[in-house]
Every structure is written in C-alpha cells, then in structure tokens.
Amino acid sequence: MSFRKPARYVLPVVLALALGACGIGGGADDSETTVSGEVKGEITFQTWNLKGNYADYFNGLVTAFQNANPGTTVKWIDQPPEGYQDKLSADAAAGSLPDVVDIGPEAAFTLANAGMLLDLSKTDPEAKASYLPKAWDANAFPSLGGTYAYPWYLNTGPSFFNTAVLQKCGVSKDPLPATFDALFAAGQKMAATCKSDATMVGRLPAIETFGAYGVPLMDQAGTKFTFNDAKAVELVSHYRNLFQAGGMTEETLNKLQTGEVDAFKAGRVGWLPGSSYTLKDLKATAPKVAETVAISPQITNDKPNMYIESLAVNAKSKNVATAVAFAKFATNKENQLAFSKQAAIFPSAAGALDDPYFTTDDGTDEAKLRLESAKAVSEAVVYWPAAFSSKSVDYLREQIALAVLGKKDVQAALDEAVKYADASLPKK
Amino acid sequence: MSRTQKTLRYLVLLAFFLLLAGPLLWQLSLSFKGAGDDLYAQPPQVIPADPTTGNYTGVLDRLPVLLYVLNSGIVALLVVAGNIAGATLAGFALARLRFRFRCLVTGLFVVALLVPIESIIIAQFLLVRSTGLADTLLGVALPTCVAALNVLLMRNGFQVIPAELEEAARIDGAGVWRRFWHVCVPQVRGVMTVVAIFSFVGAWNDFLWPLIVLSSEENYTLTLGLNRLRGTFYSDPRLIAAGTIIALLPILAVFALLQRYFFRGLEAGGIKG
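Given the structure is predicted, the values throughout are model-derived calculations rather than measurements.

**Topic: the overall build of chain A**
Alright, step 1. Broken down by element type, chain A carries 19 helices and 11 strands.
Alright, step 2. Scaling as 2.2 N^0.38, a compact globule of 428 residues should have a C-alpha radius of gyration of about 22 Å, and chain A matches this with 22 Å.
Alright, step 3. Expressed along its principal axes, the backbone C-alpha trace of chain A runs to roughly 70 × 50 × 30 Å.
Alright, step 4. When each of the 428 residues of chain A is scored for burial, the buried share is 53%.

**Remarks on the overall build of chain B**
Alright, step 1. Check the secondary structure of chain B and you find 13 helices and 0 strands.
Alright, step 2. Ordering the α and β elements of chain B from the N terminus gives α-α-α-α-α-α-α-α-α-α-α-α-α.
Alright, step 3. Reported as C-alpha extents along the three principal axes, the dimensions of chain B are approximately 75 × 65 × 30 Å.
Alright, step 4. Counting every position in chain B, which comprises 273 residues, the buried fraction comes to 33%.
Alright, step 5. For chain B, contacts bridging at least 24 residues in sequence account for 76% of all contacts bridging at least 6.

**Considering the interface of chain B and chain A**
Alright, step 1. Listed as interface residues are 29 residues of chain B and, on the opposing side, 35 residues of chain A.
Alright, step 2. Those elements that place two or more of their residues in the side of chain B that touches chain A are α5 (117–130), α11 (208–213) and α12 (222–227) of chain B.
Alright, step 3. When its residues are assigned to classes, the side of chain B that touches chain A shows 15 nonpolar, 7 polar and 7 charged.

**Here we look at the confidence of the model for chain A**
The predicted structure's coordinates, where accompanied by low pLDDT, should not be read in detail.
Alright, step 1. In the predicted model, chain A carries a mean pLDDT of 88, and the fraction of residues at 70 or more is 92%.
Alright, step 2. This model gives residues 1–32 of chain A a pLDDT under 50, and the stretch forms 68 contacts once residues within four places in sequence are excluded.

**Some words on the sheet that holds strand β9 (residues 293–296) of chain A**
Residues and elements named next belong to chain A.
Alright, step 1. Pairing is antiparallel in the open sheet, where 3 strands are placed in the order β8-β7-β9. Bordering the open sheet on either side are β8 (271–273) and β9, each of which pairs with just one other strand. Neighbour to neighbour, the strand axes of the sheet diverge by 25 degrees on average, direction disregarded.
Alright, step 2. Note that strand β7 (residues 159–162) and β8 share 3 bridges and pair antiparallel. Across the sheet, residue phenylalanine 160 finds its bridge partner in β8, namely leucine 272.

**Here we look at the pairing of strand β6 (residues 150–155) of chain A**
Residue and element names in this part refer to chain A.
Alright, step 1. Taking burial as the measure, the 6 residues of β6 include 6 buried ones, the bulk of the element.
Alright, step 2. With 4 bridges connecting them, β6 and strand β10 (residues 307–313) associate as antiparallel partners. Bridging across to β10, asparagine 155 finds its partner in tyrosine 307.
Alright, step 3. Of the pairings in the sheet, the one linking β6 to strand β11 (residues 346–347) comprises 2 bridges and is antiparallel in character. From the neighbouring strand, tyrosine 153 faces β11, where its bridge partner is proline 347.

**So, the nonpolar core**
Alright, step 1. Ala108, Leu117 and Phe326 of chain A are the most contacted members of the largest nonpolar core, which has 190 residues in total.
Alright, step 2. If sequence neighbours within four positions are ignored, leucine 117 of chain A has contacts with Ala108, Leu111, Ala112, Tyr148, Ala149, Ala312, Val313, Asn314 and Ala315 of chain A.

**Here we look at the domain arrangement of chain A**
All names here are of chain A.
Alright, step 1. Each assigned domain of chain A is listed here: domain 1 (12–155 + 306–377) and domain 2 (159–304 + 389–423).
Alright, step 2. Taken over C-alpha atoms, the centre of domain 1 sits 30 Å from the centre of domain 2.
Alright, step 3. Residue-level contacts link 14 residues of domain 1 with 15 residues of domain 2.
Alright, step 4. Across the side of domain 1 that touches domain 2, the residue classes tally to 6 nonpolar, 3 polar and 5 charged.

**Let's talk about helix α18 (residues 390–405) of chain A**
All names here are of chain A.
Alright, step 1. With 16 residues, α18 should cover 22 Å at 1.5 Å per step; its first-to-last C-alpha distance of 23 Å lies within 8% of that length.
Alright, step 2. Every buried residue of α18 is listed here: Ser392, Leu396, Arg397, Gln399, Ile400, Ala403 and Val404. Buried residues of α18 fall within an arc of 165 degrees about the axis and therefore sit on the same side.
Alright, step 3. At the C-terminal side of α18, glycine 406 shows a positive phi close to 85 degrees.

**Structural notes on the sheet that holds β11 of chain A**
Residues and elements named next belong to chain A.
Alright, step 1. Here 6 strands make up an open sheet; going across it, the order is β2-β1-β3-β10-β6-β11 and the pairing mixed. Every interior strand has two partners, whereas the edge strands, β2 (72–79) and β11, have only one.
Alright, step 2. Strand direction decides the pairing type here: strand β1 (residues 41–48) and β2, joined by 8 bridges, are parallel. Bridging across to β2, threonine 47 finds its partner in aspartate 78.

**Here's the deal with the domain arrangement of chain B**
All names here are of chain B.
Alright, step 1. Once the domains are mapped, chain B shows domain 1 (1–52) and domain 2 (63–268).
Alright, step 2. For domain 1 and domain 2, the distance between their C-alpha centres works out to 32 Å.
Alright, step 3. Contact with domain 1, which involves 6 residues of that partner, is made by 6 residues of domain 2.
Alright, step 4. Along the lines of polarity and charge, the residues of the side of domain 1 that touches domain 2 split into 3 nonpolar, 2 polar and 1 charged.

**Comments concerning helix α14 (residues 320–330) of chain A**
Alright, step 1. Burial analysis of α14 of chain A places 9 of its 11 residues in the buried class, which makes it a mostly covered element.
Alright, step 2. For α14 of chain A, the complete set of buried residues consists of Val320, Thr322, Ala323, Val324, Ala325, Phe326, Ala327, Phe329 and Ala330 of chain A.

**Some remarks on the packing of helix α3 (residues 65–96) of chain B against helix α7 (residues 148–159) of chain B**
Each pair of packed helices gets described by two things: the angle between the helix axes and the distance between those axes.
Residue and element names in this part refer to chain B.
Alright, step 1. It is at 7 Å that the axes of α3 and α7 come closest, and there the two elements cross at 50 degrees. Relative to α7, the element α3 lies oblique. Relative to α7, α3 is oriented so that their crossing is right-handed. Packed against α3, whose contacting residues are Asn83, Ala87, Thr88, Ala90, Gly91, Phe92, Leu94, Ala95 and Arg96, the element α7 presents Asn150, Val151, Met154, Arg155, Gly157, Phe158 and Gln159 at the interface.
Alright, step 2. In the contact of α3 with α7, the residues fall into 8 nonpolar, 6 polar and 2 charged.

**Remarks on the confidence of the model for chain B**
Residues and elements named next belong to chain B.
Alright, step 1. Residues with a pLDDT of 70 or more make up 96% of chain B, whose mean pLDDT is 87.
Alright, step 2. The low-confidence segment residues 269–273 (pLDDT under 50) makes 10 contacts with residues lying over four places distant or belonging to another chain.
Alright, step 3. Both scores are given for the predicted complex: the pTM is 0.84, the ipTM 0.80.

**A short note on the packing of helix α10 (residues 230–244) of chain A against α18 of chain A**
Residue and element names in this part refer to chain A.
Alright, step 1. Where α10 contacts α18, the axes come no closer than 8 Å and their chain directions differ by 50 degrees. The angle between α10 and α18 places the two elements in the oblique class. As α10 packs across α18, the resulting crossing turns out to be right-handed. For the pair formed by α10 and α18, the contact residues are Val236, Tyr239, Arg240 and Phe243 on the first element and Ile400, Ala403 and Val404 on the second.
Alright, step 2. Split into classes, the residues belonging to the contact of α10 with α18 amount to 6 nonpolar, no polar and 1 charged.

**Some details on the environment of aspartate 78 of chain A**
Residue and element names in this part refer to chain A.
Alright, step 1. Structurally, the position occupied by aspartate 78 is in strand β2.
Alright, step 2. For aspartate 78, a count of 18 C-beta atoms within 10 Å translates into the label partly exposed.
Alright, step 3. Residues within four places of aspartate 78 in sequence aside, it is in contact with Thr47, Asn49, Leu50 and Lys51.

**Let's talk about unusual backbone geometry**
Alright, step 1. In this structure, proline 175 of chain A follows aspartate 174 of chain A across a cis peptide bond, with omega equal to 5 degrees.
Alright, step 2. Mapping proline 175 of chain A onto the fold places it in the loop between α7 (163–168) and α8 (180–194).
Alright, step 3. Look at asparagine 49 of chain A: it is not a glycine, yet its phi comes out positive at around 50 degrees.
Alright, step 4. The class of asparagine 49 of chain A is buried, set by 22 C-beta atoms lying within 10 Å.
Alright, step 5. Positive phi values are uncommon outside glycine, yet aspartate 135 of chain B reaches one of about 65 degrees.
Alright, step 6. Structurally, aspartate 135 of chain B is set in the loop between α5 and α6 (137–141).

Analysis parameters
Residues numbered from 1 in each chain as written. Chains lettered and ligands numbered in written order. Predicted model: local features only at pLDDT ≥ 70, side-chain atom pairs only at ≥ 80, totals over all residues. Helix = DSSP H or I, 4+ residues; strand = E, 2+ residues; numbered from the N terminus. Rg over C-alpha atoms; globule rule 2.2 N^0.38 Å. Buried ≥ 20, exposed ≤ 12 C-beta atoms within 10 Å, placed from the backbone. Contact = placed C-beta atoms within 7 Å. Nonpolar A, V, L, I, M, F, W, Y, C, P; charged D, E, K, R; others polar. pLDDT = per-residue confidence, 0-100. Pairing = 2+ DSSP bridges. Axes fitted to C-alpha atoms, helices over the stretch in contact; angles between N-to-C directions. Core = buried A, V, L, I, M, F, W, Y, C linked by C-beta atoms within 7 Å. Domains from an automatic or database assignment. Expected span 1.5 Å × (residues − 1). Arc of directions from axis to C-beta. Parallel < 35°, antiparallel > 145°, perpendicular 65-115°, else oblique. Left-handed = near helix turned anticlockwise from the far one by under 90°.

Structure (structure tokens):
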C-alpha cells in the first residue's frame, strides 16, 4: 500500500450538495474564533487503520489523557483502510463526524472547505511553534484562509535500488544514481542492454515528483496550479525519451504506487522511491530482492518529499475544548515520539527528531535507514498540494501517459492537466 | 465427433478454466505460502515451497471472524428474504396485473438501474440516519431489500407464463392471490433462485455502503472486518489471501446448495447466456 493512498471514490461534490441541502453547511467564518469551555465530557477520536498493530499504544494514550483530565471520556474508534474519505464525507454530511479525526491534507481541504474543521490559525495560532514548520504548513490552505489540523506523523523514504537488476543491465552501482539526470541516463543505458525485461523507472511522475524536480506547483495564494512551466516540460520529456528508447514498458503507464512496488519486488524495476517501512516489507514478502537492495538518499533537485497525517478537530464538536486538548495531547512531543518508536514513522512535533532514537546508529540496516530518513524529514516538504484532488491525480497521470506515448505534445498535456486541476478548486 | 475436434474442445475448455479459475487458484496457493516462499518469484510458483496454515490461524487470531460472518449472514438473510418476497410480488404485479401507469412504473424500475450508487449514497445515508438506523444491520440491509434489477427479472419470469394457464384458473374461480400463489409462483421458482443468489452475493460482497452506515466494530460485516487485514503501512498478501478464501466459502456453499435451481432459473429468466 502506498503511504496513504487517496480513496478511489471521492465524493466532495456530493458532500457539498448534501451539506447545502441540509442547511448545515456554512463558511469557515461561522466557526468560533476562540475555543472556550472546560476540558471535560465525552469525545470521539477516530484513527485510520491503526488498531490492528498499535491498539496498545492508543489505549494507553486514551487512558493517560483521561487520567490527566478528570471528567473526560475519549471513545476511540478505528476505520478500515479502504474508503476512508467516503466515510469522512458521509459522516460530515450527516453531522456525525467524530470530534478528533485522523486525516490527510487532501481530505482536510475538502472538509475545511465545507466549514467542518476548526480553523487553528484563529483558535490556536501559538500551536504553530510546537511543530516542524513544514508540517504545520501542510495544513495551511491559503485559498481558504486558515490552518485546519494539528500535524501528526510524517513519512519519507530514500531510494531503493535493486543492484542485481542494475548489474544485469550494465549499470554501475558505485555510485548509485543520485540525481534525476543520473537516473534517466542510467535508465537509457538499461534500456539499451535489457530492453523491457527490466527497467529503471516503474511509474510515471506524480505531482510530488514535479515538486521534488523543482517545479513550483501552485501560486502563493493557492488559487491556481503552475506545474506546466519549462521545468515541468523538461521532466516529462525525460520520461518520454526514456519510454521511446524502451526504458519504460507500456504497462507502467497506468501503474499506481502499489503496482510500482509489486514490479520492484518481482525484480522488473531497478529504482523504487521508498519509505521507511519499505525494507521491512521487502524482507517479509520478497526476501530475494531484499538481499540485493541498496539504499541511497531520496532523489531530489530541491528538498526531499514527505507525506503527512494530521489530527483535525470537528468545528461542530459539542466539546470543542476537550477535542482540542486531546488533539494537542496526542500530537505532543512525548506521545509522538512514543508512537514513532512503535511504528516506522516520524514525529512532526518540534524537537522530537533530536531524540537519540533518530540520531544514534546501532549498526543495523533498520537504524541506518531510520537515521537517514529522519535527517530527510527534518528538511522535507509536503509537496502534494492539499487542493490537488485525487481526480486531478488520475487526470494528470492520464495526460502524462498520452504525452509519453507521443500522442500529445508535452506542453499541451500539462496545460490541460493544470486546467483540470484549476477547475476543481473551490469557487470563490 | 472426431478425435481432434474433441481434443480441441477440451483445450478451449481448459483455457477458459484457467482464465476464470486462475486468479482464485493463485489466491488459494498464496494463502498457504509460508515465510520461506518468495511471493514474487519468477516464474510464479503455484505449489507453496514452505506450506503452512499459519495464515488462516493468523486471520482468526487477529479478527473475530465468526462475529463478522454472523453479521454478514444476518444482512444477507434480510436482503435475500426481502428480495424474494418483494421482487416476486412486484414482478407479478408488473407482469400480470392491469393498472394505470403500469408502463410508467416499469420504466421507473429501469431508470433505477441506471443510477450509480456512488451518486446517491450520501442522500441514502442521511435518510437511514434520520430513521435512527445508522450503525445497525437493518440499516445496511434495508436499501437493497428490493432491488430494481430483481423486480425486472421476476417480471420477465412471470411474463413468459402463458395467459391460458391463468385464465383457466380464473374460470375455476381463483382470485388474484390464489393465482399468484398456486399458479404463477411455482412456474418461476428458478428465477427466484437466481434472485436469491444475486442478492446474497451482492449483500455478502458489498463494502462501501456498510462502511458508511456502520461505525461500531461489533456490527462490522465480513468485508469491513477483513479489510483490516491490510496493514497500516504495508500488507502481508498471504494474510489477505487467507481472508479472501474465508470470505468466499459461504458463497460457494450457498451456490452449491442452490445450483440445481440456478441453472434452470438462468434459462427461464430473460438473461440467457
């Protein structure tokens, strides 16, 4: 599974309609400007597919909060992985959104746009100092004029190379490709020796690839997309040249991240932009590949990319003060640190990455990977703009595929993808 | 038939068998593979090198599968009963009774087929919630209790019964209920089986709607519960395969029980093929 794959069916339009029809909608301006009230009463805390492996951690977290705040009850519920955005949309429309929800920026944007989430830039601007600046920024939506969630856990990952594949196809593994230019050059070389038996690249560039390549994705005000400049054309042209030389198969043009991982595990792809849990995954399901894998820093022309999950507070919560207190408690330094020691993720709380856990090398592969990723996280950016909907993700991939196949001019394809993404931005 | 023809026929049958049953066999083989198996080996291995039943016990340890099966069973039972009763009655009315706007009503059922569930699911949820059925199994079952497709299937089933049969009964003094129950229903048992199987499979496999209606874990249906087998950050395909096989068993059982009627029904209904 990808870091957090966007839901296949997304219902923001329906949500907007349903909200309008029921009269429970309303702009973000309706929400209170300060949170008042006592920290007590019952709240519901919803996580996304974390119960299976981390139930003990969350039960402990809930108990610790209840003990520290007598008179509060936290009801923890956990949703299955599939269809999470649909569940959020339906609950928001029905007025049954939990008080504190585990959410990614894209879903947060949709709900914030419907006026469902507490605007922290109004209610709790001081909180900003407690988190990594780039993590806090990921939930700041300039086009909506606010910040809508407390940053929670982060993930990023280095490049994984299958050295057996590289060797077979005549690419030196010393040094491993460290830049996009080196990567595409190696891809061309593999195409010449191996044809399409094995290729360097297993997936078309996604929006975050453009970000890492150095393409500005959106304007400052968050009102229009800009990933159709000369730099973006250059990136797609690299893929196009690679494809035309036989360095990418037609099959890959439609692949999602999971497909790329599968192809890597099957030894058909040389390079996988991974995450901190990729190594564990490889060891468990593709031990042969795990033996020959080499890890090197994430390829980027700018800052490394990262992904984020956050905790948002329901603006209509009956116990807003308690919900805010709990969201801050769950995302404070100690609790984030404890969680990241159990799961292969990284804390977004300021200073948490200075913990020895992220700075001391104990000699294992896992520790090396953790240290390298933690270093990347400390400077990483969440490139994926929250306003870039999952429909736009699909549309961009389709347009790039047409350009790569040579059926469309690269610039024209990108222009069209930008136009499509712009059209799905909320109307003022 | 000559020998070559026969061979050819079996080859085609075998190819189709592999095409249709292949993915299922793969899941079955995957569910028995142990930690020593390379899942992505080229060429793919069907026989596990390190066979184990650990994946099945793993699924049973992690999840209250029996509870989920029970919940799914309740939903499926409600849906099957609702469809058999509702669709049969409605189908009979549309096919054999004369009333104003009959064509219009039939048209409405056809139109209902064209509405994708994704576009109305939130409105449907608001409705179910306002009746206080959110987070109940009844709330999951209710919207599919009488499906438009099944009504149309039953209508077609009733329509092919010769008019003379019913007229003869009418001359003998049989009222509408009597003609429905004693004359027409026995003729459409096959179609009713088709409706039963379709609605069972539909209810058993549905994911999105139960996900939206249910929020407490003790009410989860099997599809929701098994979805949890997908790991938080990465998944073990072996566990998922074992879960898939577990979810499949009841469907196979129902089909095996009803298959005698099923094929008869397929021929009797309007959907030959």
